Amino acid sequence: MKKKSIMDYETVALDDDKHALVIIDQTKLPYKMEMLELTRQKDIWNAIYLLQVRGAPAIGVAAAIGIYLAAREIKADTWEEFYPQFTKAKEYLDSARPTAVNLSWALNRMDEVCRANRDKSHDELIRILHDEAAEIRDEDVRVCKSIGEYGLSLVKPGDGLLTHCNAGKLATVKYGTATAPMYLGQERGYNFRIYVDETRPLLQGARLTAFELQESGLDVTLICDNMSAAVMKNRWVNAVFVGCDRVAANGDTANKIGTSVVAAVAKRYHVPVYVCAPTSTIDRNAPTGADIQIEQRSAEEVTEMWYKERMAPEGVKVFNPCFDVTDHDLISGIITEYGIARAPYETSFQEIFAKKEAAAVIQSGDFAASEG
Ligand code: MRU
C-alpha cells in the first residue's frame, strides 16, 4: 500500500460526527504526523497560540470552525441570551494571536452571518454557521489556486525560487499561498529549484516548508537565514515568493521575522519579491505597516529551543518579534486571488476589491437564479 504523504492529510478540518476541529499538530513535524481533535474552546485557543495550527489562512479557518463549535454549545432560549455568549467566545479566540488579520477577519465574517440570521431558530442558526465555516474553508482552496496561477505567470520553467517561513499547504487548506505557484508549476513540468530559508527561531522553513515540498517531489535546497545573499549573488534565484500575515493599505507587509531582510537583499541583487496575499489578509484599516501590531514571543525560543543545551548566557536580553514589516518599496507585486497589485498599492487594491465585489454580485445573482 502506498505510504500516505502530507498532501493526503488536511491541515485543518471539521469532523461533523465528533463535532471537533481536526488539525495536524505542526509542532511535531517533521518527525511525527499527529492529528489533534479539539472540541473545547481552551484547546482551540491553545492550538493557535502554541502554533500547532499556524499560518494566517489556516488560523482563520480554525477560528471559523472554532466559533461554530462554540455556538453549538451555547444554551440560550433567546437571541438576547445567545449573542453575548457568542461575542465572548469570539473575543476569546481572537485574542490567541495578534498579527495575522485572517483570525479576526474570519471571526468577524462568522459574526456578521450570525447577526444577519438572528431571527432564525437556534438549530437553523447553527446550521448556517456550520455552512459559513465550511465556505471559508472551501474558499481558501479556490483563493490559493488562483494565487498560484497568477504567481506562475511571473516565472518560467527551470527558475530558482526562494521562500521564507511556511506559506505552504500547512499554512492553508491545500496549495499554500507562496507555494501555490510551485505546486502548480510542478504539475505542469516547470522543474523549479526551490531555496527554503530555515526561518529562525521556530524553523518553519526547515521543519515545514522543506518537508512538505520535498514530500511532494520538488527540488528543495534548505539554507540558513543568513545565506540568502549568497544564493542571490550566485544568481541562483529568479524570484522570491513569500506569504503574509497582514498587508497595510499602502502595501507594507507583515510576515515572518526575516522577510524584510530577504526583500532588502533581493533588491540589492535585482531579484523580484512577490508577496502572496489572499484579499482576506489585506487590512485597509491599517494605513501603513506602523499600524500593524507585531507579536512578541518568549526569549526561550531564541536561547534554548531546539538545542540540547542552552546556547546563550543566562540573563541575556532577547528581542524576539514574531514578524517584521517589509516596506512596500521592496515589494515587486502583491499577488491576490483577483490579480497582481502593483505600486501605488492604494489604487491597485481599490481595483482588486472592486473586482472582488463584482464577483460577489455575480455569484449572488447566480445563486438567486438557481433558487428562483
Ligand atoms: O508564526 P507563523 O508560523 O504563524 O507565521 C506564518 C507566516 O509568517 C506565514 O508566512 C504567513 O502566515 C502566511 S501563510 C500563507
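Throughout, residues of each chain are indexed from 1 in the direction in which the sequence is written. It should be noted that, the model being predicted, local features are given only for residues of pLDDT at least 70 and side-chain atom pairs only at 80 or more, the latter also being counted only at that level, while totals for whole chains, interfaces and linings use all residues. Each side-chain value is derived from all of the structure's non-hydrogen atoms; neither hydrogens nor water enter the calculation.

Focus on the sheet that holds strand β1 (residues 12-15)
Here, any two strands with at least 2 DSSP bridges between them count as paired. Helix and strand labels come from DSSP, where a helix needs a run of H or I of at least four residues and a strand needs a run of E of at least two; each type is numbered from the N terminus. Ordered in space as β1-β2-β3, the three strands form an open sheet in which the pairing is antiparallel. Looking along the sheet, the strands with just one partner apiece sit at the ends: β1 and β3 (35-38). On average, each strand axis in the sheet is tilted by 25 degrees relative to the strand beside it, whichever way the strands run. In this structure, strand β2 (residues 20-24) lies alongside β3, joined through four bridges in antiparallel fashion. Bridge pairing in β3 links I23 to L36. Across the sheet, helix α2 (residues 56-73) lies against β1, β2 and β3, angled at about 20 degrees from β1, the strand it touches most. Interaxial angles span 0 to 180 degrees and are taken between N-to-C directions of axes, which are lines fitted to C-alpha atoms, for helices over the stretch in contact. Any two residues whose heavy atoms approach within 4.5 Å at even a single point are treated as in contact.

Let's talk about the environment of T253
One can find T253 in strand β9 (residues 253-256). Considered as a pair, T253 and V275 are 22 residues apart in the sequence and their alpha carbons are 8.1 Å apart. Whenever a nitrogen or oxygen atom comes within 3.5 Å of another N or O atom, the pair is scored as a polar contact, on the condition that within protein one atom can donate a hydrogen and the other can accept it, and that pairs from neighbouring residues in sequence are kept only if both atoms are in side chains. In this structure the side chain of T253 is engaged in a polar contact, spanning 3.0 Å, whose partner is the backbone oxygen of G251.

Comments concerning helix α3 (residues 79-94)
Helix span, as expected, comes to 1.5 Å for every residue beyond the first. The end-to-end C-alpha distance of α3, which contains 16 residues, comes to 22 Å, matching closely the 22 Å that a straight helix rising 1.5 Å per residue would cover. For every residue, the accessible area obtained with a 1.4 Å probe (protein chains only) is divided by the maximum for its type, and the residue is called buried under 20%, exposed over 50%, and partly exposed between those limits. Taken together, the buried positions of α3 are W79, F82, Y83, F86, A89, K90 and L93. Taken end-on, α3 shows its buried residues confined to a sector of 130 degrees, consistent with a single buried face. Turned more than 90 degrees away from the buried face of α3 sit E80, K88 and E91, all of them exposed. On its buried side, α3 packs onto α1 (41-49), α2, α4 (101-116) and α5 (122-152). Arc, as used here, means the arc of the directions from the helix axis to the C-beta atoms.

Focus on the environment of V271
Tracing the sequence through the fold places V271 in the loop between α9 (259-268) and β10 (273-276). Assessed through its relative accessible area of 8%, V271 is described here as buried. Along the sequence, V271 and A359 sit 88 residues apart, while their C-alpha atoms lie 33 Å from each other. Excluding residues within four positions of it along the chain, V271 makes contact with M232, V237, N238, A239, V240 and A266.

So, the sheet that holds β9
Each strand in a sheet pairs with another by means of backbone hydrogen bonds, the pair being arranged parallel or else antiparallel. Spatially, four strands are ordered β11-β8-β9-β12 in an open sheet, and the strand pairing comes out mixed. Bordering the open sheet on either side are β11 (282-283) and β12 (323-326), each of which pairs with just one other strand. When β9 meets β12, the two strands line up antiparallel, connected through four bridges. The residue of β12 that forms the bridge with T253 is T326.

Notes on the nonpolar core
Generally speaking, nonpolar side chains in soluble globular proteins are found buried as a group. Counting residues in hydrophobic clusters, the biggest one holds 46 residues, and the most contacted among them are V12, L21, F82, F86 and L129. Those elements that provide at least two residues to this core are β2, β3, α1, α2, α3, α4 and α5. Per-element accounting of this core gives the leading share, 13 residues, to α2. Setting aside chain neighbours within four positions, we find L129 in contact with Y68, A71, F86, M110, V113 and C114. In this text, buried Ala, Val, Leu, Ile, Met, Phe, Trp, Tyr and Cys residues form a nonpolar core when linked through side-chain atoms within 4.5 Å. Ranked by size, the runner-up nonpolar core spans 27 residues in total, among them V231, A266, A341 and Y345.

Looking at the site of the ligand
A single heavy atom is enough: if one lies within 4 Å of a molecule or strand, its residue is considered near that molecule or strand. Close to the ligand lie 19 residues, the nearest being R54, A56, R97, N255 and K256. A distance of 3.1 Å separates an oxygen atom of the ligand from a polar atom in the backbone of G55. Side-chain polar atom of K256 to an oxygen atom of the ligand: 2.7 Å apart, as the coordinates give it. For the area figures, the Shrake-Rupley method with a 1.4 Å probe applies, and any residue is considered shielded solely by the protein chains shown. Within the complex, 100% of the 410 Å² of free accessible area of the ligand lies under protein.

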